[in-house]
Structures are given as structure tokens and as C-alpha cells.
Amino acid sequence: MKIPFSNIFKSQTKKIPGEVKKQLGKLFPKAKNIEWEVKNEIYEAIFYLNDVEHIAQISEEGVLLEYKKNLWPDELPEIIKNKGKTFGEIMNGIIIYSGDELLYEVIIRNDKLDRFEYLFNINGDVLKSQLL
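**Q** Before we move on, could you go through the nonpolar core and cite the residues and values that matter?
**A** Core analysis: the biggest nonpolar cluster contains 13 residues, and Val20, Leu24, Phe28, Trp36, Phe47 and Ala56 have the highest contact counts within it. For this core, the elements supplying multiple residues, two or more each, are α2 (18-27), β2 (42-49) and β3 (52-59). In terms of residues, this core owes the most to one element, β2, which gives 4 residues. Here Phe28 is in contact with Phe47, Leu49, Ala56 and Tyr67, once residues within four sequence places are set aside. Judged by nonpolar contacts, the second largest core, of 10 residues, contains Tyr104, Ile108, Tyr118 and Phe120.

What follows is the structure in C-alpha cells.
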């Protein structure tokens, strides 16, 4: 018996180049539960290390372009925590390694319970903010 919707709900197989997989394994040898997405010829791996979610973007040639790691608010550097607290309650953070840049994406809830996303550089300067 054929199941008419089985092809609609079946996950599409993603073809990940060997060089991309090799680089991820080299950089993050203990990565677990790896899921892949492909966006504009950039391969994005979502995985866990020590029960913490990470996201790595790797080019087709195997070059690590960027990676992100989820952080608890108390794991943020003091300068980021102090600056963030001026906007409200810090909900969570993400450290972003992008080329030579180190950035922090922080979700902050204000006293009206609106949530905002702030992007900070390592000096605590706000590079971008937006309402979520």
C-alpha cells in the first residue's frame, strides 16, 4: 500500500561535500547529533558539544567561515553583562566567531516584557539591536 504523503514529509537528503564533513570533524571531533543545512552554497552544521548547541558555517572548500556557541547569561564576559543589564534582563547569549571578529548576540527582555536582540563587539559596543 502506498502512503500518498510520505514523500512530502520525508526529509530531503542533503549532499554534503567530503571536504566540508572532514573540516567539521577536524575542528569539532566530539560533535554529536549533527544536522546539516545548505544556504547559498554555505554548509551549516548544527551540533552539540558537551550538551551545548553550536552552529558552524563551512564553505564548499572546507573553510570555516563562522561558528556560534550558545551561552548562559552568567557565561557572558562582564563587560557584555554590564552593558546588557542597562537594557533589561539578559535571557541568553551566543558567542560568534566570525573570521577575526568576536561578537556576542544577546537576547534581552525589557520591563515591558518586550524581547530585543543586541549584537555587541568585545568592547561592549552595541553594533545592532532589533525587536524580536
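And the narrative resumes.
**Q** Quick one: what's the story with the sheet that holds strand β8 (residues 126-131), residue by residue and with numbers?
**A** Pairing is antiparallel in the open sheet, where 8 strands are placed in the order β1-β2-β3-β4-β5-β6-β7-β8. At either margin of the open sheet sits one strand with a lone partner, and together these are β1 (32-39) and β8. Averaged over all neighbouring strand pairs, the angle between strand axes comes to 20 degrees, with direction disregarded.

**Q** Got a sec to walk through helix α3 (residues 78-85)? Specific residues and values, please.
**A** Since one α-helical turn is 3.6 residues long, residues separated by three or four positions face the same way. Among the residues of α3, Ile80, Lys81 and Gly84 are the ones counted as buried. In a view along the axis of α3, the buried residues occupy a sector of 100 degrees, so they form one face of it. Contact partners of the buried residues in α3: β5 (89-98), β6 (101-109) and β7 (115-121).

**Q** Run through the packing of aromatic side chains, naming residues and quoting values.
**A** Taken as a whole and judged by the stated rule, the model has 6 aromatic pairs. Seen in terms of ring centroids, Phe116 and Tyr118 are 6.3 Å apart; in terms of plane orientation they differ by 45 degrees. Their pairing is tilted. Given the relative accessible area of 9%, Tyr118 is considered buried. Taking 6.0 Å as the distance between ring centres and 20 degrees as the angle between the ring planes, the aromatic pair formed by Tyr118 and Phe120 counts as stacked. Of the two residues, Tyr118 and Phe120, neither departs from the other in class, the shared state being buried.

Conventions we followed
Residues numbered from 1 in each chain as written. Predicted model: local features only at pLDDT ≥ 70, side-chain atom pairs only at ≥ 80, totals over all residues. Heavy atoms only, no water. Core = buried A, V, L, I, M, F, W, Y, C linked by side-chain atoms within 4.5 Å. Buried < 20%, exposed > 50% of the residue type's maximum accessible area, 1.4 Å probe, protein only. Helix = DSSP H or I, 4+ residues; strand = E, 2+ residues; numbered from the N terminus. Contact = heavy atoms within 4.5 Å. Pairing = 2+ DSSP bridges. Axes fitted to C-alpha atoms, helices over the stretch in contact; angles between N-to-C directions. Arc of directions from axis to C-beta. Phe/Tyr/Trp six-rings, centres within 6.5 Å; stacked < 30°, edge-to-face > 60°.

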